[in-house]
Each structure stands twice: as structure tokens, then as C-alpha cells.
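Here's the letter readout for the chains.
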Amino acid sequence: MSSETSATTPHRPPADEQATRAPAATRTITYREALREALREEMLADERVFLMGEDIGVFGGAFKVTDGLLAEFGEERVRDTPISENTIVGMGVGAAMAGMRPVVEIMQLSFALLALDQIFNSAAHVRYMFGGQPTVPMVIRMPQGAGHQLGPTHSHCLESFFLHVPGLLVAVPATPADAKGLLKSAIRDENPVVFIEHKSLYGMRGEVPADLGPLRFGEAAVRRRGSDVTIVGVSRMAVVAERAAERLARDHGVSAEVIDPRTLRPLDLDTILESVRRTNRLVIVEEGWPHGGVGANLAALVQEQAFDWLDAPIERIARADVPMPYSRPLEQAALPHEENVVAAVLATLGRGAG
Amino acid sequence: MAVEIVMPRLTDSMEEGTVVRWLVAPGDRVERGQPIAEIETDKATMTYESDSSGVVLELLAEEGETLPLGAVIARLGDPGEAPVHAAPPQGDGAEATVPEGAAPQASALEATAQRASAPDASASGTTASEAAVSEPAAPEATDAARDDQERSDGRLRASPLARRLARELGIDLATVKGSGPGGRIVRADVEAAAQAAATSTMAEAAAVASGAVTGADESAAPTPEDAAVAAGTEVADRAGAANEAAAVATSPPLRPAADIEPTATPPRPEGARGASTFEELDRTQQTIARRMAESKATVPDFALERTVDMEACRELRERLRGRIDPLPTFNDLVVKACALALRDHPRVNGSYRDGRFELHERINVGIAVARPNALLVPTVFDADRKPLVAIARETRRLVERVRRGEITPPELAGGTFTVSNLGMFGVDRFTAIVNPPQAAILTVGAVAPRPAVAADGSLCVRHSVVLTLVLDHRIVYGADGAQFLARVAELLEEPLAMLAAG
């Protein structure tokens with residue numbers, strides 16, 4: 001993992017920051033910086049917001065998202081914890097019920113499996129079980145994804161686990177701007193939010209308006225307009241889908257529409273349906289496993305509601321149905337790539353891969 | 001336990017039926033024998049009575065929807081039973097049948113990975129094939145496997161969108177060639193078919209108009225639908241092959257092309273003939289068009305013609321007038337004469353089928369009856385054994401039922417020979433198209449006074465009729481046909497023999 005190079009925005013008093021915002025409308029920053037900005041701005045705006053997780057303080061986070069925040073906000077609000085995932089989340093649930101707004105970080109989404117009891121049975125259901133008396137306004141941040149030769153237990157993409165559970169909101173931002181805007185709204189939301197970041201995106205740069213506010217959950221982003229096929233890309237696969245669409249336009253004359261749902265629950269199904277009814281074809285790209293996955297669910301929803309508009313079977317692209325290999329060539333072979341998306345689009349159009 | 005109501009076989013030849021109207025609604029109590037739907041077959045619209053009792057749980061076929069025999073159209077059961085909206089997935093055995101050879105591009109790598117990381121060897125087989133389906137690396141390989149499977153079972157492949165468009169545009173999917181994977185019919189194919197149909201209709205209309213079909217000038221050219229209808233009737237037989245071709249080509253039902261998306265609208269067929277309108281063929285018309293074209297294409301037919309003196313028949317009718325009711329028509333007399341003659345000429349009463357002569361035990365004479373926009377041929381069963389007056393009664397009843405649209409498929413089936421009469425329209429003589437698998441059809445022109453030569457060689461005026469016998473040469477040859485026709489003539493010229501017979 002490359003070390004964080006960009007300087008942490010020096011601490012400025014709020015008034016000062018306000019003053020600098022107006023002229024600098026948009027900057028190009030990394031996904032990592034965007035997340036850090038969101039955390040910092042929300043901590044400044046609301047003193048109930050605090051961070052908790054393994055190595056997030058002194059070390060600045062395994063992926064350096066929280067770098068500098070300990071120095072700025074102190075140990076009370078940026079708390080290093082032992083390796084104890086279920087307890088970290090459980091503490092967060094308790095704090096949230098007690099009126100705080102915890103943002104807990106699980107170092108790898110794969111480790112969240114240790115905390116599933118607290119995530120599913122407590123965070124997701126407490127509000128329901130107590131008749132709405134307590135709310136659980138917490139955020140569980142977790143990095144997911146393969147591509148870094150970390151073997152089967154550090155490479156999961158398990159959006160579908162959390163999507164499966166009523167009571168949880170699930171965000172899967174794919175751009176720096178979405179990362180910032182969605183994290184801000186996640187922190188402000190009264191519900192527990194599983195905030196899934198993709199490890200390969202942290203270094204990605206993108207334009208982010210300096211004064212970007214919270215982005216609404218349940219609003220998909222149409223990354224590219226097109227008329228021949230709709231490609232829905234989840235998490236980092238939204239980026240892959242967009243690159244595939246560019247190649248499709250350039251090499252094959254195919255006009256692909258690319259939709260990034262941004263949040264899986266709530267899901268902006270309307271935007272996807274509207275697009276599919278125009279293009280009559282759908283290719284879903286995700287990095288998770290194929291069975292019982294986000295794509296499987298979306299395919300079911302679309303065929304239920306747009307069956308009569310489909311001109312071809314819905315194509316799904318997912319990682320190979322295997323534990324993620326450690327070997328680099330095998331890992332790459334098991335992951336979805338741009339060319340897979342291109343091939344699937346051509347297949348759904350009834351055209352050969354040539 | 002819920003009972004499935006399936007599309008019933010209401011006629012021998014039907015392969016699919018259209019639910020014209022539901023007579024019950026979900027929640028209704030239905031008793032066995034109660035009419036529940038009107039179903040249009042290839043021959044007629046019939047009321048379908050339920051075979052079982054129960055409460056209508058759901059109606060699965062929409063009104064106007066055409067479904068193959070055996071398709072589930074409704075479910076009956078106990079009131080408490082929930083409808084099953086989602087049919088089980090069918091046909092998509094791709095996952096199970098993807099051969100392991102059809103592995104993804106990355107198969108070698110993945111197989112290695114699986115072997116390395118999935119110690120459960122028994123699981124790895126299914127995992128590999130499942131991966132081939134959803135595995136992104138292998139769309140082409142997966143497709144190839146799917147294609148092979150789809151081609152093998154002969155099912156009609158069409159995307160949901162194509163099916164919907166075809167329904168909206170009135171295109172018969174069976175007539176559309178699919179360009180998608182595995183021959184799947186996709187939107188573009190349906191749109192192309194709609195355009196082609198519109199275009200070919202224009203072409204055929206032009207062909208009909210320019211041919212010497214009616215002798216009419218262009219402005220009086222028949223519309224395409226007239227041509228299609230006419231091709232099903234003997235009138236058009238004179239028009240020759242071009243006309244039949246028109247009937248076949250227009251047999252897929254058409255709708256104004258304006259129903260297609262605006263971008264796909266073909267030019268309106270305007271010009272010297274002004275704006276055209278299109279009419280869809282109903283199922284009967286489609287059947288007529290198809291069968292007549294099949295007949296022309298497969299039956300080597302020839303015609304024999306004979307003028308028959310009808311004075312004796314006229315006299316017989318005059319003498320019977322007021323004495324028997326109903327008074328037999330000339331056509332009834334012809335039917336009876338044919339039936340008796342068929343006894344002596346079994347091959348004229350037979351069928352050429354699969355390289356064999358099929359001779360029928362019963363003599364069932366069909367009579368061609370015109371109905372607006374259709375031609376139906378109800379059957380007088382055992383016409384050789386029925387007294388003339390019974391035939392007269394029977395034909396009146398059948399004609400009435402045809403005109404009222406009450407005729408049922410059993411009454412239209414089983415004919416072994418056909419008599420077609422256009423004499424009432426003043427037609428002197430005409431040929432017809434053999435109604436397969438029958439071997440022959442006899443046409444009857446007008447009974448009218450015509451110059452004749454008397455026994456002494458002098459000219460006189462006598463009532464006569466021209467009979468034309470069209471035969472399938474595969475089973476009836478010239479001399480056989482001539483002898484049969486001679487026997488018919490003999491019976492008509494001495495009709496008392498008919499009264500004595502059978």
C-alpha cells in the first residue's frame with residue numbers, strides 16, 4: 001500500500017475555511033482525502049461525531065484515511081481500539097443509542113464477519129425491536145476488494161451480505177466526490193450505515209467541489225449516457241464499467257449507458273429501470289461472487305419490473321466463483337475487467353467479441 | 001389442490017388458440033360444464049366449458065392472447081389457495097449443461113485456483129460450470145453452449161421485448177427470423193418484419209392490380225385484404241398463382257405501420273392508388289390463405305368440365321314444390337348425385353397421403369358456404385345414405401349456422417369431397433382449389449337456359465349447368481374422373497334414380 005503523500009489539510013478554524021471555499025469551487029483530490037474531509041467536516045460540525053477502530057489514531061488508519069485526525073481532534077474523538085471487531089461495533093451501537101454519532105472503522109471488510117452479530121442483530125434491528133425509541137445513527141466504514149495479493153481472507157466484496165439485512169443502509173461510493181458526499185450524509189443519518197470503500201479506489205483522484213454537502217442516499221449517478229445497453233457498475237466496478245463504455249464507443253460503435261447506483265439500500269431502481277426501458281439491455285458488473293450477489297438481486301428486480309422491455313437476457317459479471325487466489329495472475333484472472341464488460345455487452349447485443 | 005386449465009384442443013387441426021373473451025373472473029365459482037371462455041381456433045370461435053369445478057384463482061391468458069395447445073390459461077382451486085404468479089423457470093438448463101470444456105478464457109488459471117483452494121473435489125465440478133455462466137471472462141464460450149442448446153429443441157426464441165412488440169404490431173413471431181444468439185428474435189427483427197410486411201403488401205396489391213385478375217382499372221384495384229379473402233374463395237381461383245401468392249404473403253396479420261416507433265415508420269403506401277388501409281386477417285382467413293396456398297403448391301390438379309342437362313331436375317323440383325319441405329335446391333341434387341357417384345368411385349372420395357391412396361369408408365360431402373370475409377365448408381355426413389329431403393334440410397341448417405357464426409369445428413371437419421356453387425351469382429363455370437387432403441372438388445355454375453342440340457339434331461333451348469371437376473392427379477386420373485363426372489351427369493339427368501337410392 002503506497003503511503004499517503006498528500007498533505008493533510010492543515011487545521012483551520014471554521015470561519016477561515018468558509019472564507020477559502022468560495023473562490024476554489026472544485027479541486028482534484030483523492031478518494032482517501034475526500035473521505036478524510038468528510039470525517040473532519042462532520043466532526044467539526046457536530047461534536048457528537050467520533051471515530052473508533054484499529055490503528056486509526058497514531059497510525060492514521062491502515063489506508064491512511066484518518067491520518068492527522070488524532071492530532072486535530074484528540075484521543076477522546078479518535079479512539080484506537082484493540083483487535084476486537086465485534087466489540088468495536090457493539091460499542092458503537094451502544095454509543096449511538098446513547099446519543100453519540102460514532103464512525104467505526106473495520107480494517108478490512110473481510111474482518112467484519114467477526115462483527116456480524118453486532119451489525120445484524122444489534123445495529124440493524126435495535127430500532128425496530130424497541131419500537132423506534134432508540135435510533136442507531138452510526139457509520140461502519142470498511143474497505144473491501146481484491147487486487148492487492150492479500151489472499152482469500154482479505155479480498156472479499158460482500159455488499160450483498162449487508163444489502164440482505166433490513167435496517168441497514170449500504171453505500172458503495174466509487175468516486176472521491178461520492179465518497180465525501182455520501183459519508184457526510186451517512187454520518188448525519190439516523191440509521192446505521194454500512195459504508196463500503198474499495199481499497200483500489202483510495203488513491204483515485206477526482207474533482208470534488210470544495211463545498212460539497214451531503215449527497216442523498218437512493219440517487220443513482222448516470223455516469224455516461226447511452227442508448228444501446230445499460231451497464232450498472234457497483235462500487236469500483238462503476239469505474240471499470242465507465243472505461244468499458246468508452247472502449248465500446250471507440251472500438252465497436254456501441255453507445256452504452258453507465259449507471260452507478262452509489263447506494264444499494266436505498267436503491268435507485270427507477271433510474272435503472274428507466275434506462276433499461278430505453279436500451280432494452282442490461283449488464284451488471286460487480287466484484288462480489290456471482291451467487292446470491294448484488295447483481296443477482298438487481299437482475300431479479302429488473303426482470304420483474306421491465307420484463308417486456310428486455311431484448312436479451314440480463315448479463316451479470318462477477319468475480320470467479322472461487323476463493324480469491326493469492327497468486328497475482330490467478331487473482332487477476334478471477335477479477336472482472338474492462339474486457340469482460342466489453343465482451344458481455346457485445347454478447348447481449350448479439351455481436352461477437354470481435 | 002389447484003387445477004390448471006390448459007388451452008384445449010377444440011379442432012383436430014388446431015395448434016394454438018386465441019382467448020377471445022373470458023366469461024369468468026378471478027374469484028368466480030365455476031362448475032364443471034360451465035362456459036368459461038370463448039376460444040378462437042383456426043376454424044371458429046367456440047365456447048369452452050370447464051372440465052372441472054372450483055374457484056378461479058387466476059386467469060393467466062389475456063384476452064386476445066394466442067397460446068399453443070396445452071399452455072396453462074387459468075387455474076382453478078380452493079378459494080384459500082394463492083395464485084402462483086411466477087412460473088418456474090423453464091428451459092434455462094444452461095447452467096447444468098454447460099460442458100466443462102466451455103470454460104472461461106481464464107479457465108486454466110481458475111481451474112488451478114479451484115483445485116488449489118477448493119479441496120472438495122465433488123463441488124468443484126459444479127462450481128466450474130456455474131462459474132462459466134456467471135463468470136465474466138467467458139461470455140462467448142457461454143453463449144456458444146447456450147446457442148447449441150437452443151437450436152436443438154425447436155422452440156421459438158424471442159426476447160420479451162420482441163414478444164411484446166410483435167403483439168402490438170400484430171406480427172406472427174413464427175414468421176420472423178431471429179438474428180440474436182441462438183436465433184433469438186429481437187426487437188430489430190420484429191421491426192424489420194413489420195416494415196417488410198407493409199412493403200410486401202404494397203407490392204402485392206400492385207401485382208394484383210396490374211394483373212388481369214378483375215380486368216378492372218387501377219382505381220378499382222382490390223385492396224390487399226380483398227385479395228387475401230378472395231384467394232380463399234373459388235372466385236379468385238381464376239386469378240392464378242399470383243393471387244394465391246398474395247394471399248400467402250399477406251397472411252401474417254398486419255397493422256398500420258404507424259404503430260411502430262415513429263423512427264421505424266415505413267413510408268405510407270400512398271401514390272397513384274391513394275392511401276391504403278390494412279386489415280388484419282382473422283384466424284379463419286389465415287387458415288384459408290395458408291391451406292389454399294399449400295394446395296396449389298403441392299397438389300398437381302387438373303380440371304374436367306361437362307355440361308349437364310338440368311331439365312329433368314327442374315321438372316322434378318316443380319313436381320316436388322309444395323309437396324316436400326324444404327324443397328331441394330339444384331345444389332342439393334348435385335350433392336346427392338355426387339354422393340351416389342362417389343360410392344362407385346372410391347378414389348375420388350379418397351386422399352393421397354404419404355405415398356398411399358387412402359380410401360374413406362364414409363362419404364361426407366362438404367358444401368362451400370360464403371360468409372362475410374370468409375369461406376367455410378360444412379359437411380353433410382353420409383350424404384350417399386341420406387334421402388334427398390334430409391340433405392336439403394341438412395344443408396339449410398348448416399348454411400344458417402355458418403351465416404350466424406355458430407358453426408362448430410366438428411361440423412366443419414370430416415369432409416371427403418367438396419361441392420362449390422357460384423351459380424346463384426350468375427357464374428357460368430369456374431374451377432376451384434382442391435381442399436386437401438380431399439382428392440376432388442366439384443364446382444357448379446348457374447342453371448340457365450342455353451342453346452342445346454335435341455335428339456333429332458335440331459337446335460333448342462334447355463336448362464343446363466356446367467360442372468367442373470378439379471382433381472388431384474396423384475390419386476385420380478383423367479379417365480377415372482371423367483367416368484365419375486359422367487355418373488354424376490347421368491344421375492342429374494335422371495334424378496328419379498336418386499330418389500330411389502339410399
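What counts, and at which threshold
Residues numbered from 1 in each chain as written. Chains lettered and ligands numbered in written order. Predicted model: local features only at pLDDT ≥ 70, side-chain atom pairs only at ≥ 80, totals over all residues. Heavy atoms only, no water. Helix = DSSP H or I, 4+ residues; strand = E, 2+ residues; numbered from the N terminus. Buried < 20%, exposed > 50% of the residue type's maximum accessible area, 1.4 Å probe, protein only. Contact = heavy atoms within 4.5 Å. Areas by Shrake-Rupley, 256 points an atom, 1.4 Å probe, with all protein chains shown as cover. Core = buried A, V, L, I, M, F, W, Y, C linked by side-chain atoms within 4.5 Å. Pairing = 2+ DSSP bridges. Axes fitted to C-alpha atoms, helices over the stretch in contact; angles between N-to-C directions. Parallel < 35°, antiparallel > 145°, perpendicular 65-115°, else oblique. Left-handed = near helix turned anticlockwise from the far one by under 90°. Nonpolar A, V, L, I, M, F, W, Y, C, P; charged D, E, K, R; others polar. Expected span 1.5 Å × (residues − 1). Salt bridge = Lys/Arg side-chain N within 4 Å of Asp/Glu carboxyl O. Polar contact = N/O pair within 3.5 Å; in protein donor to acceptor, adjacent residues only side chain to side chain. Patch = residues over 30% accessible without salt bridge, like charges linked within 9 Å, V, L, I, M, F, W, Y side chains within 5 Å. Lys, Arg positive; Asp, Glu negative; His and termini not counted. Charge placed at Lys NZ, Arg CZ, Asp CG, Glu CD.

(A) Quick peek at the overall build of chain B. Of the regular secondary structure elements, chain B holds 15 helices and 19 strands. Counting all 502 residues of chain B, 48% fall into the buried class. The long-range fraction of contacts in chain B, counting pairs at least 24 apart against all pairs at least 6 apart in sequence, stands at 64%. Working note: accessible area of chain B is about 23,800 Å², and carbon and sulfur atoms make up 52% of it.

(B) Looking closely at the overall build of chain A. Helix and strand counts for chain A come out as 13 helices and 14 strands. Relative to its 354 residues, chain A shows a buried fraction of 60%. As displayed, chain A offers around 13,200 Å² of accessible surface, 53% of which is attributable to carbon and sulfur atoms.

(C) Geometry of the environment of Pro451(B). Residues and elements named next belong to chain B. By the secondary structure assignment, Pro451 is in strand E18 (residues 448-453). With a relative accessible area of 70%, Pro451 lands in the exposed category. When near neighbours in sequence (up to four residues on either side) are disregarded, Pro451 contacts Cys460 and Val461.

(D) Summary view of the nonpolar core. Residue and element names in this part refer to chain B. Counting residues in each nonpolar core, the largest one holds 52 residues, and the members touching the most others are Val365, Phe417, Leu442, Leu467, Leu469, Phe484 and Leu492. Examining the composition of this core, we find that 10 residues originate from one element, helix H11 (residues 330-344), more than from any other. The contact partners of Leu492, leaving out residues within four places of it in the chain, are Val308, Asp309, Met310, Ala312, Cys313, Leu333, Val334, Ala337, Leu467 and Met498.

(E) Spatial organisation of the pairing of strand E8 (residues 72-77) of chain B. Residues and elements named next belong to chain B. Buried residues dominate E8, accounting for 5 of its 6 residues. Here strand E1 (residues 3-6) pairs with E8 via 4 bridges, running antiparallel. Looking across to E8, one finds that Val6 is bridged to Val72. Sheet topology note: the strand E6 (residues 54-59)/E8 ladder contains 4 bridges and is antiparallel.

(F) Local environment of the sheet that holds strand E2 (residues 16-22) of chain B. Residues and elements named next belong to chain B. The strand order across the open sheet formed by 4 strands is E5-E4-E2-E7, and the pairing between neighbours is antiparallel. One side of each edge strand has no neighbouring strand; the edge strands of this open sheet are strand E5 (45-49) and strand E7 (66-68). On average, each strand axis in the sheet is inclined to that of its neighbour by 40°, with strand direction left out of account. Looking at chain direction, E2 and strand E4 (residues 35-40) are connected through 4 bridges and run antiparallel. Counterpart to Thr18 in the pairing with E4 is Glu40.

(G) How the structure looks around the packing of H11(B) against helix H14 (residues 478-493) of chain B. Residue and element names in this part refer to chain B. Remark: H11 packs on H14, axes separated minimally by 9 Å, with the N-to-C direction vectors making an angle of 135°. With respect to each other, H11 and H14 are oriented oblique. The crossing of H11 and H14 is right-handed. Mapping the contact onto sequence places Leu333, Val334, Ala337, Cys338, Leu340, Ala341, Leu342 and Asp344 in H11 and Phe484, Arg487, Val488, Leu491 and Leu492 in H14. Residue composition of the contact of H11 with H14, grouped by class: 11 nonpolar, no polar and 2 charged.

(H) Representation of the sheet that holds strand E3 (residues 29-30) of chain B in the model. With antiparallel pairing, the 4 strands of this open sheet are ordered in space as E1-E8-E6-E3 (chain B). Each end of this open sheet is capped by a strand with a single partner; those strands are E1 and E3 of chain B.

(I) Quick look at helix H9 (residues 236-252) of chain A. Residues and elements named next belong to chain A. With 17 residues, H9 should cover 24 Å at 1.5 Å per step; its first-to-last C-alpha distance of 24 Å lies within 8% of that length. Among the residues of H9, Arg236, Met237, Ala238, Val239, Val240, Ala241, Ala244, Ala245, Leu248 and His252 are the ones counted as buried. As for H9, its buried residues are in contact with strand E7 (193-198), strand E9 (221-224), strand E10 (229-233), strand E11 (256-260), strand E13 (282-285) and helix H13 (338-348). Backbone geometry just after H9 places Gly253 at a positive phi near 65°.

(J) Molecular detail of the pattern of salt bridges. Residues and elements named next belong to chain A. This structure, assessed with the given rule, holds 52 salt bridges over all chains. Here Glu37 makes a salt bridge to Arg27, at a shortest N to O gap of 2.7 Å. Residue Glu37 is located in helix H2 (residues 31-45), and its partner Arg27 is located in strand E1 (residues 26-30); the two are separated by 10 residues in the primary sequence. Connected through shared salt-bridge partners, Arg27, Glu37, Glu41, Glu42, Lys180, Lys184 and Arg188 make up one network.

(K) Structural view of the pairing of E11(A). Residue and element names in this part refer to chain A. Among the 5 residues of E11, 5 are classified as buried, and the element is accordingly described as predominantly covered. With burial as the criterion, each face of E11 is covered, one bearing Ala256, Val258 and Asp260 and the other bearing Glu257 and Ile259. Alignment of E9 against E11, held across 3 bridges, turns out to be antiparallel. Following the sheet pairing, Arg224 is matched in E11 by Val258.

(L) Representation of the side chain of Asn280(A) within the structure. Tracing the backbone shows Asn280(A) in the loop between helix H10 (269-279) and E13. The exposure class assigned to Asn280(A) is buried, which follows from its relative accessible area of 2%. At 2.7 Å, the side chain of Asn280(A) and the side chain of Arg187(B) are in polar contact. With sequence-adjacent residues up to four places away left out, Asn280(A) is seen in contact with Trp309(A), Leu310(A), Asp311(A), Ala312(A), Leu161(B) and Arg187(B).

(M) Quick look at the side chain of Thr348(A). By the element assignment, Thr348(A) lies in helix H13. Given a relative accessible area of 3%, Thr348(A) falls into the buried group.

(N) Region of interest: a negative patch on the surface. Residue and element names in this part refer to chain A. On the surface, Asp55, Glu75, Glu76 and Asp80 cluster together into a patch of negative charge. Within the secondary structure layout, Asp80 lies in strand E3 (residues 78-80). Relative accessible area serves as the criterion here: at 39%, Asp80 is assigned to the partly exposed category.

(O) How the structure looks around unusual backbone geometry. In this chain, Arg265(A) is followed by Pro266(A) through a cis amide linkage whose omega measures 0°. The topology assignment puts Pro266(A) in the loop between strand E12 (263-265) and H10. At the junction of Pro436(B) and Pro437(B), the peptide bond is cis and its omega measures out at 5° in the coordinates. Position of Pro437(B) relative to the elements: it lies in the loop between strand E16 (417-421) and strand E17 (440-444). Residue Gln149(A) is not a glycine yet carries a positive backbone phi of 55°. Following the sequence through the fold, Gln149(A) ends up in the loop between strand E5 (139-144) and helix H7 (159-163). Classification of Gln149(A) as partly exposed rests on a relative accessible area of 24%. Look at Asn280(A): it is not a glycine, yet its phi comes out positive at around 65°.

Purely geometric numbers; function is a separate question.
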